[in-house]
Amino acid sequence: MNELTITRPDDWHVHLRDGAALAHTCADMARYFGRVIVMPNLTPPVTTVAQAAAYRKRITAAMENAPRQFEPLMVLYLTDQTDAAEIQLAAASEFVHAVKLYPAGATTNSDAGVAQLDALYPVLAAMEEADLPLLIHGEVTDHEIDIFDREKVFIDRHLAPIAARFPGLRIVLEHITTRDAVQFVREAGKHVAATITAHHLMFNRNDMLVGGIRPHYYCLPILKRNVHQNELMEAASSGNPKFFLGTDSAPHARGAKETECGCAGVYTGHAAIEFYAEVFEQLDALDKLEGFASHFGADFYRLPRNRDTITLRKDPWQVPAELPLGESTLQPLAAGESLNWRVVAGE
Ligand SMILES: NC(=O)N[C@@H](CC(=O)O)C(=O)O
Ligand SMILES: [Zn+2]
Ligand SMILES: [Zn+2]
């Protein structure tokens, strides 16, 4: 197959950042995504509907002169202080579509996240009642838990009890990385789904650590063994609507990654659907790309599927070695390498 036309895709997990970076991150997302779920881990985090409204304005302003625009779907950041009243406000708003749980200290800008999960149950009950989805960075942060086990332990200790206690709460386990997560989501009720990134489909921890340490592959949850990677590929290309596209494109300036203590995050926004197409083609599953990228996420969020299309063509091109990020630069995934697929219509 040399050409593929699919319903316009959406990205159900992306970090656009703020300030001068928005011009660049939004331009990449605006190329062909219809809607994007905008992660709220700014400093300070987006914890209120009023802050989400203001952030949304900055995003749309950054796209004012772009050839096309995406619709930003805003997300509130849960803290130990979030109350049911804010949840109701969010549910009543037209632009907040979910609430994000970051265990405190689990990832980039999560210091303000939740320290006491049990104490939050009244807020989760309010979300279940208001039918507002809960998005989860699913990793425990206990010092004694190995970084490669943190997702599995989170599922056992926290996610399973939450899903059991709130059966009507829609939950997205974000950027899943393990066989355990795939299994849990598959077997859970119909309200539990997961996003899968392109980089967790394309790479495993060997790619990050063999022959030298590659900071641009470092993200959280961290890349796992190839058996887990294989399970993610199988889930993404299975046609199971519980698994859908979320790039977790997470830009960090080059200097913040190539340093003694580098930030977690991989930038894939410059070639998101192109990366997924590459993976699905390798799996001989290009016919499953549309469901994963353009149907299942919208269905889960109870939003209409996009009505227009984009077309990908097999026509190799070279990823730039570096991209601007506000006043800095970043190294995008596959920098300087050749990719097979390009978007030729729908941009
Ligand atoms: N995925 C990452 O490694 N980093 C994300 C945060 C996140 O999604 O956990 C970021 O904001 O940089
Ligand atoms: Zn995360
Ligand atoms: Zn993320």
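All values derive from a computational prediction rather than experimental measurement.

Asks: Explain the site of ligand 1 here, please?
Replies: Near ligand 1 there are 15 residues, and of these Arg17, Asn41, Thr107, Leu220 and Asp248 occur at the shortest range. One of the side-chain N or O atoms of threonine 107 is found 2.6 Å from an oxygen atom in ligand 1. Separating an oxygen atom of ligand 1 from a backbone N or O atom of glycine 265 is a distance of 3.2 Å. The residue inventory of the shell around ligand 1, partitioned by class, reads four nonpolar, nine polar and two charged.

Asks: I keep staring at helix α6 (residues 179–187) and nothing clicks. Help me out?
Replies: Since the α-helix turns once every 3.6 residues, residues separated by three or four places project in the same direction. Turning to α6, its buried residues number three or more, namely Ala181, Val182, Phe184 and Val185. Taken end-on, α6 shows its buried residues confined to a sector of 165°, consistent with a single buried face. Buried residues in α6 make contact with α5 (150–165), β7 (171–173), β8 (192–196), α9 (226–236) and β9 (243–245).

Asks: Quick question: what am I supposed to make of the coordination of the zinc ion (ligand 3) here?
Replies: Ideal geometry at a metal gives 109.5 degrees between four tetrahedral donors and either 90 or 180 degrees between six octahedral ones. The zinc ion (ligand 3) binds to the protein through His13 (NE2), His15 (NE2) and Asp248 (OD); the donor distances cover 2.0 Å. Given four donor atoms and angles of 94 to 139° at the metal, the environment of the zinc ion (ligand 3) is assigned as irregular. In primary sequence terms, the donor set of the zinc ion (ligand 3) follows H-x1-H-x232-D. Taking relative accessible area as the criterion, histidine 15 reaches 6% and is therefore assigned buried.

Cut-offs used in this document
Residues numbered from 1 in each chain as written. Chains lettered and ligands numbered in written order. Predicted model: local features only at pLDDT ≥ 70, side-chain atom pairs only at ≥ 80, totals over all residues. Heavy atoms only, no water. Near = heavy atom within 4 Å. Polar contact = N/O pair within 3.5 Å; in protein donor to acceptor, adjacent residues only side chain to side chain. Nonpolar A, V, L, I, M, F, W, Y, C, P; charged D, E, K, R; others polar. Buried < 20%, exposed > 50% of the residue type's maximum accessible area, 1.4 Å probe, protein only. Helix = DSSP H or I, 4+ residues; strand = E, 2+ residues; numbered from the N terminus. Arc of directions from axis to C-beta. Contact = heavy atoms within 4.5 Å. Donors = N, O, S within 2.8 Å, 3.2 Å for Na, K, Ca; no water. Tetrahedral: all angles 85-135°; square planar, octahedral: opposite > 155°, others 65-115°.

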